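Residue-level structural notes
Next come the chains, spelled out residue by residue.
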Amino acid sequence: MKGLSAFQPATAADAATDREGWPAMTNDNMIECDVVIIGAGPCGLFAVFELGLLDIRAHLVDILPKVGGQCAELYPEKPIYDIPGFPIVTGQGLVDNLVEQIRPFGPTFHLNQMIEALEPIGTADAPRFRVTTDAGTVFETKCVVVAAGGGSFQPKKPPIPGIEAYEGSSVFYAVRKMEAFRGRDILIVGGGDSALDWTLNLQPIANRVTLMHRRDEFRAAPHSVEQMRALVASGAMDLRFGQVTGLEGEGSALSAAICRDASGETFSIPCNTLLPFFGLTMKLGPIANWGLNLNENLIPADTEKFETNVPGIFAIGDINTYPGKLKLILSGFHEAALAAQKVHRYVYPDKRLTFQYTTSSTSLQKKLGVS
Ligand SMILES: Cc1cc2nc3c(=O)[nH]c(=O)nc-3n(C[C@H](O)[C@H](O)[C@H](O)COP(=O)(O)OP(=O)(O)OC[C@H]3O[C@@H](n4cnc5c(N)ncnc54)[C@H](O)[C@@H]3O)c2cc1C
């Protein structure tokens, strides 16, 4: 099974045409559902499993173009030694297994989208929420599980004077829709995987792509670097070394980047689009505006059901806090299991929940597609 990290959908809509029919992704604009999970890190992914066992289908939203949260973004190749039952598993290996484990429950992924707004539209007994992403997707949902880790991954911005004037029209920190870059003169800055991946993806549709990095050493996958060098050698794109120190243009329309190389020499690169890829940083982001109690940027939750101060909103994984909290993946898994029990009460108020083991319950095994 291919890990989701292999997918680089330009938008959630592009992702809907994924190659294997899994995971299901969508960009429908108005969605009624039982539960929205904010954050597709390991804890958000495992919440899909626990909810699925209780017949609750989840929609998962993540600002990143891939699932896996910190495991996939910060340490995909590092071994983890404290996941129960796995003496050793890499960050990406764990994510791939979680993706495989939740496959029977058919969650819908909305990647590349940040949850911006969360407003209550129901009552305490019958909660309901309107949840809105920055891509315009609106969910009306009975429950929300906040599994937002350390907050949303956001791009590190380069310290170029006046760059704000061009943001959103000529300067972009993420590629949401590749088509928007067709025929453009693009300067991509950076030496990591994102810079190299987007160089290779955009080169065929751009008018011209220039990649600029401080030095002739890249942190990206060697295969991508080889492909990039082959394109440079064939004259299909340009590679320059230096740093962007200023921008030229009219209003918000960029016309050139002013650059300086290691020897201090200044040069100009004509371009109408600048894509700086300087890595990501984690910020709490819009969570602070959702009416949830916060304690040092963490969401206090009870330890019986991991519900927040707002009935129907749950917090699991690194984002929550309670006495004795350990920011470990295994803690988040436990929290997901308990939160799911209470979500069931909101989603199926008239149904009694019976505790069952997956080893012995044929009903659970049917849901898992193994009996
Ligand atoms: C280098 C390193 C090594 C580690 N090693 C271990 C280890 O050995 N064992 C262990 O147990 N733990 C380890 N951890 C910690 C572990 O990775 C975290 O505990 C775990 O990732 C938390 O999972 P999570 O699902 O709560 O959040 P995260 O993994 O942080 O995922 C949260 C996701 O939510 C998304 N998000 C946030 N806000 C929004 C929003 N508004 N809209 C949309 N999406 C949003 C983020 O983009 C992110 O993808 C390590 C961490 C690091 C950095």
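Residues numbered from 1 in each chain as written. Predicted model: local features only at pLDDT ≥ 70, side-chain atom pairs only at ≥ 80, totals over all residues. Heavy atoms only, no water.

Describing the site of the ligand
- Close to the ligand lie 32 residues, the nearest being Asp62, Gln70, Tyr75, Ile115 and Asp318.
- Note that a nitrogen atom of the ligand is positioned 2.9 Å from one of the side-chain N or O atoms of Asp82.
- In the model, an oxygen atom of the ligand is placed 2.8 Å from a nitrogen or oxygen of the Asp318 side chain.
- For the ligand, whose free accessible area comes to 1000 Å², the fraction covered by protein is 87%.
- In this structure, the ligand is accommodated by the second largest pocket.
- Of all the elements in the fold, those that place two or more residues in the shell around the ligand are helix H2 (42-53), strand E3 (58-62), helix H3 (69-73) and strand E10 (152-155).
- When residues in the shell around the ligand are grouped by element, the largest group, three residues, is from H2.
- Within the shell around the ligand, the residues separate by chemical class into 17 nonpolar, 11 polar and four charged. (Near = heavy atom within 4 Å. Polar contact = N/O pair within 3.5 Å; in protein donor to acceptor, adjacent residues only side chain to side chain. Areas by Shrake-Rupley, 256 points an atom, 1.4 Å probe, with all protein chains shown as cover. 1 Å grid on protein atoms, 1.4 Å probe; cavity = no way out; pocket = protein on both sides within 12 Å on 5 of 7 lines; lining within 4 Å. Sits in = over half its atoms within 2 Å of the grid points. Helix = DSSP H or I, 4+ residues; strand = E, 2+ residues; numbered from the N terminus. Nonpolar A, V, L, I, M, F, W, Y, C, P; charged D, E, K, R; others polar.)

Examining the sheet that holds strand E14 (residues 243-250)
- Pairing is antiparallel in the open sheet, where three strands are placed in the order E14-E15-E16. Bordering the open sheet on either side are E14 and strand E16 (266-270), each of which pairs with just one other strand. This sheet shows a mean twist of 25° between the axes of neighbouring strands, independent of strand direction.
- One ladder, built from seven bridges, connects E14 with strand E15 (residues 253-260); its direction is antiparallel. By the bridge assignment, Gln243 is partnered in E15 with Arg260. (Pairing = 2+ DSSP bridges. Axes fitted to C-alpha atoms, helices over the stretch in contact; angles between N-to-C directions.)

Looking at empty space enclosed by the protein
- One pass over the structure, following the stated rule, counts one cavity of 30 Å³ or more.
- By volume, the largest cavity is sized at about 30 Å³.
- Listed by contribution, the elements that provide at least two residues to the lining of the largest cavity are H2 and helix H7 (329-347).
- When residues of the lining of the largest cavity are assigned to their parent elements, the largest contribution, four residues, is made by H7. (Points joined across faces, edges and corners; volume = space filled by probe spheres on them.)

Considerations on the sheet that holds strand E13 (residues 238-241)
- With parallel pairing, four strands are arranged side by side in an open sheet as E13-E12-E11-E17. Every other strand in the sheet has two partners, leaving E13 and strand E17 (273-276) as the edge strands with one partner each. Within this sheet the neighbouring strands show an average axis-to-axis angle of 20°, counted without direction.
- Where strand E11 (residues 185-189) lies against E17, four bridges are found, and the strand directions are parallel.

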